[in-house]
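Each chain, written out:
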Amino acid sequence: YKGNFPPPMRAQRIMHGSVRMLMNAMEMLIKNLTKAFDTNDVGNNATLGAERCEFVCSSYLFCQYWQYSTKLGCLVEDPAAKEVAY
């Protein structure tokens, strides 16, 4: 945070509208996704990891794909870093 003002004490994300799933990508590997966090960050809890991974993708305007793996962690689309070929 830069400027002559004190840094924010709190922040929040507000989502208007809804999200719909076009396709279940379970058992598929979507290439060129970017790692958002590791499995250790959620205490190896797959349910919590998948929920947080979905939140990470939903909070990023350009994210269309996300996957949570108990081995790799949370992977999300980040077009600024890598292009997904689909």
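These figures come from a predicted structure and were not determined experimentally. The residue numbering used here restarts from 1 in each chain and proceeds along that chain's sequence as written. Residue-level local features of this predicted model are given only where pLDDT is at least 70; pairs of side-chain atoms are given and counted only at 80 or more, and the full residue set underlies all totals for whole chains, interfaces and linings. In computing side-chain properties, one takes all heavy atoms of the structure into account and sets aside hydrogens as well as water.

Colleague: Kindly report on the side chain of Gln 67, identifying the contributing residues and their values.
Modeller: Note on conventions: DSSP H or I runs of at least 4 residues are helices, E runs of at least 2 residues are strands, and numbering of each starts at the N terminus. With respect to the helices, strands and loops of the structure, Gln 67 is situated in strand β2 (residues 66-69). Engagement of the side chain of Gln 67 in a polar contact is seen with the backbone oxygen of Ala 25, the distance being 3.4 Å. A polar side-chain atom of Gln 67 sits 3.4 Å from the main-chain amide nitrogen of Ile 30. The contact criterion used throughout is that any non-hydrogen atoms of two residues lie within 4.5 Å. In this structure, Gln 67 is in contact with Ala 25, Met 28, Leu 29, Ile 30, Leu 33, Cys 53, Gly 73, Cys 74 and Leu 75, ignoring residues within four places of it in sequence. Whenever two N or O atoms come within 3.5 Å, that pair is a polar contact, provided that in protein one can donate a hydrogen and the other can accept it, and provided that, for residues adjacent in sequence, both atoms are side-chain atoms.

Colleague: Let's hear about the state of the cysteines: which residues, and what values?
Modeller: Pairs of cysteine sulfur atoms within 2.5 Å are what we label disulfides. The full count for this structure, using the stated rule, is two disulfides. A sulfur-sulfur separation of 2.1 Å characterises the disulfide bridge that pairs Cys 53 with Cys 74. A torsion of 80° about the S-S bond marks the disulfide between Cys 53 and Cys 74 as right-handed. Of this pair, Cys 53 sits in helix α1 (residues 46-58) while Cys 74 sits in strand β3 (residues 73-76), and the two are 21 residues apart along the sequence. Here the term buried applies to any residue with accessible area under 20% of the maximum for its type, exposed to any over 50%, and partly exposed to those in between, with areas from a 1.4 Å probe on protein chains only. A residue is classified by how much of its surface remains accessible, and Cys 74, at 0% relative accessible area, is buried. Taking only the cysteines that form disulfides and numbering them from first to last, the chain has the pattern 1-4, 2-3.

Colleague: Can you break down the nonpolar core residue by residue, with the values?
Modeller: Working definition of a nonpolar core: buried Ala, Val, Leu, Ile, Met, Phe, Trp, Tyr and Cys residues. They are joined through side-chain atoms within 4.5 Å. In this structure, Phe 37, Val 42, Cys 53, Cys 57, Cys 63, Tyr 68, Cys 74 and Val 76 together form the largest nonpolar core, which totals eight residues. Setting aside its immediate chain neighbours within four residues, Cys 53 contacts Phe 37, Trp 66, Gln 67, Tyr 68, Cys 74, Leu 75 and Val 76.

Colleague: Help me get a handle on the packing of aromatic side chains, residues and values and all.
Modeller: Two aromatic rings from Phe, Tyr or Trp, using only the six-membered ring of Trp, form a pair when their centres are within 6.5 Å; if the ring planes differ by under 30 degrees the pair is stacked, by over 60 it is edge-to-face, and anything between is tilted. Applying the stated rule across the entire model yields two aromatic pairs. For the ring pair Phe 37 and Tyr 68, a centre distance of 6.3 Å and an interplane angle of 40° mean the geometry is tilted. Placement of the pair is Phe 37 in strand β1 (residues 34-37) and Tyr 68 in strand β2, with a sequence separation of 31 residues. With a relative accessible area of 18%, Tyr 68 lands in the buried category.

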